[in-house]
Structures are given as structure tokens and as C-alpha cells.
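In case you want the letters, here they are:
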Amino acid sequence: MSTLTPRRLFRALATAEAITWALLLTGMFLKYVTETTELGVQVFGMVHGVVFIAYGLVTILVAVDQRWSLGRLVLGLAAAVPPFATLPFERYADRRGLLGDAWLSRPDSPTAAQRAVCWLLEHQRRALGIGVVAVLALTGLALVVGPPA
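Residues numbered from 1 in each chain as written. Predicted model: local features only at pLDDT ≥ 70, side-chain atom pairs only at ≥ 80, totals over all residues. Heavy atoms only, no water.

(A) Summary view of the overall build of the chain. In terms of regular secondary structure, the chain is built from six helices and zero strands. Along its sequence from the N terminus, the chain presents helices and strands in the succession α-α-α-α-α-α. When the backbone C-alpha atoms are referred to their principal axes, the chain occupies close to 55 × 35 × 30 Å. Split into buried and exposed, the 149 residues of the chain put 34% on the buried side. Relative to all contacts within the chain whose residues are 6 or more apart in sequence, the contacts with residues 24 or more apart total 68%. When the accessible area of the chain is evaluated, it comes to approximately 9,000 Å², of which 70% is carbon and sulfur surface. (Helix = DSSP H or I, 4+ residues; strand = E, 2+ residues; numbered from the N terminus. Buried < 20%, exposed > 50% of the residue type's maximum accessible area, 1.4 Å probe, protein only. Contact = heavy atoms within 4.5 Å. Areas by Shrake-Rupley, 256 points an atom, 1.4 Å probe, with all protein chains shown as cover.)

Right, dumping it as C-alpha cells:
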């Protein structure tokens with residue numbers, strides 16, 4: 001099994017986010033253009049929302065670990081809003097060396113955020129559980145707040 005690197009993790013979530021955009025747009029076409037079913041929007045909207053949140057969390061994790069500037073972090077997060085923009089952002093980040101093949105965070109890293117990333121990497125099962133809980137909690141919050149206007 002291959003090692004999970006910042007590059008592989010970010011690329012996987014950027015691709016998944018774009019795929020779920022395609023699914024949601026297909027559902028919207030069926031609902032609003034052909035007026036055949038709302039099921040696509042209901043199902044793919046939820047799937048896209050969950051992946052959107054997971055992409056955001058992974059973007060923050062990778063940005064902290066790879067020492068992105070705040071501007072690049074904001075750009076990476078904003079790339080999830082327009083359909084398919086996570087793919088060109090991923091290519092941009094990779095070309096500029098922002099997605100390494102090694103995790104940079106260490107127990108003695110200078111910031112608390114980097115040390116937290118190190119802890120998550122050292123405790124991957126717990127990190128996965130924390131990630132799932134975070135995605136579920138944020139998804140629940142988004143459902144309470146309601147759909148975007």
C-alpha cells in the first residue's frame with residue numbers, strides 16, 4: 001500500500017470534490033432542465049456537501065503542514081466554491097511545490113497547529129475518527145443553517 005503523502009491526500013480530495021460537483025450539476029440538470037426528478041439534487045447535494053467539508057478540512061491540514069501562506073490557504077478553500085476549481089488549484093499548488101511527498105510537521109515544530117498536525121499523523125486511526133466526527137458535525141451544522149441562498 002502506498003504512503004499517504006500531503007500530495008496524494010490533497011489530490012484525492014480535490015478530485016473527489018470536483019467529481020461530486022459534476023454529480024450535483026447532473027442532479028440540478030435533471031431537476032431544473034428536464035424536470036424529471038429531484039432525487040439527484042437530494043442525494044448528490046448531500047454527497048457534495050460532505051466532500052466539500054472534507055476538502056476544506058484537508059486543505060487546512062495540508063496548508064498548516066506544508067507551511068502555506070494565509071493567502072494560499074484562502075485560495076485553496078475558495079477553490080471549492082466554483083465547480084471544478086479544486087483541480088486547477090491542485091495543479092497550481094503542485095507546480096509551485098506546495099504539495100510535498102513528505103509531512104513537515106514534527107513534535108518540535110514552531111507552532112501549535114503544526115504540532116497538532118504531527119500528533120494527528122502519529123495517531124492516524126484517532127485522526128480518522130476525529131475527521132469523521134468533524135465532517136459529520138459540520139455537515140449537521142450546515143443542515144441546521146440551511147442551503148446556500
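(B) A look at helix H4 (residues 86-95). Of all the positions in H4, only Thr86, Phe89, Glu90, Tyr92 and Ala93 are classed as buried. Buried residues along H4 cover an arc of 160 degrees about the axis, so they all sit on one side. Looking one or two residues beyond H4, the residue adopting positive phi is Gly97, at roughly 75 degrees. (Arc of directions from axis to C-beta.)

(C) Up close: the packing of helix H5 (residues 112-122) against helix H6 (residues 124-145). Their axes nearest at 5 Å, the elements H5 and H6 cross at an angle of 110 degrees. The orientation of H5 with respect to H6, classified from their angle, is roughly perpendicular. Here Trp119, Leu120, Leu121 and Glu122 of H5 lie close against H6, whose contacting residues are Gln124, Arg126, Ala127 and Ile130. In terms of residue class, the contact of H5 with H6 is made up of five nonpolar, one polar and two charged. (Axes fitted to C-alpha atoms, helices over the stretch in contact; angles between N-to-C directions. Parallel < 35°, antiparallel > 145°, perpendicular 65-115°, else oblique. Nonpolar A, V, L, I, M, F, W, Y, C, P; charged D, E, K, R; others polar.)

(D) Geometry of the environment of Leu9. Following the sequence through the fold, Leu9 ends up in helix H1 (residues 6-33). Linking Leu9 and Thr59, residues 50 residues apart in sequence, is a C-alpha distance of 9.3 Å. Ignoring sequence-local partners within four residues, the contact set of Leu9 consists of Leu4, Val58, Leu61 and Trp103.

(E) Region of interest: the pattern of salt bridges. Under the criterion given, the structure shown has five salt bridges. A salt bridge links Arg7 to Asp94; the nearest nitrogen and oxygen atoms lie 2.6 Å apart. Of this pair, Arg7 sits in helix H1 while Asp94 sits in helix H4; the two residues are 87 residues apart in sequence, bridging distant segments of the chain. Judged by its relative accessible area of 24%, Asp94 falls in the partly exposed class. In the salt-bridge network here, residues are joined through shared partners; they are Arg7, Arg11, Glu90, Asp94 and Asp101. (Salt bridge = Lys/Arg side-chain N within 4 Å of Asp/Glu carboxyl O.)

(F) Geometry of the nonpolar core. The biggest cluster of nonpolar side chains holds 24 residues, and the ones touching the most others in it are Phe10, Tyr55, Val62, Trp68, Phe89 and Ala93. Elements with a contribution of two residues or more to this core: H1, helix H2 (39-65) and H4. Ranked by the residues each element gives to this core, the list is headed by H2, at seven residues. Every residue in contact with Phe10, bar those within four places of it in the chain, is listed here: Tyr55, Val58, Thr59, Val62, Trp68, Phe89, Glu90 and Leu99. (Core = buried A, V, L, I, M, F, W, Y, C linked by side-chain atoms within 4.5 Å.)

(G) Structural detail: H5. Along H5, the residues classified as buried are Gln114, Val117 and Cys118. For H5, the angular spread of buried residues about the axis comes to 100 degrees, placing them on one side. Contacts made by the buried residues of H5 are with H2.

(H) How the structure looks around the packing of aromatic side chains. A complete count under the given rule lists five aromatic pairs for this structure. In this structure an aromatic cluster arises from ring pairing among Phe10, Tyr55, Trp68, Phe89 and Tyr92. (Phe/Tyr/Trp six-rings, centres within 6.5 Å; stacked < 30°, edge-to-face > 60°.)

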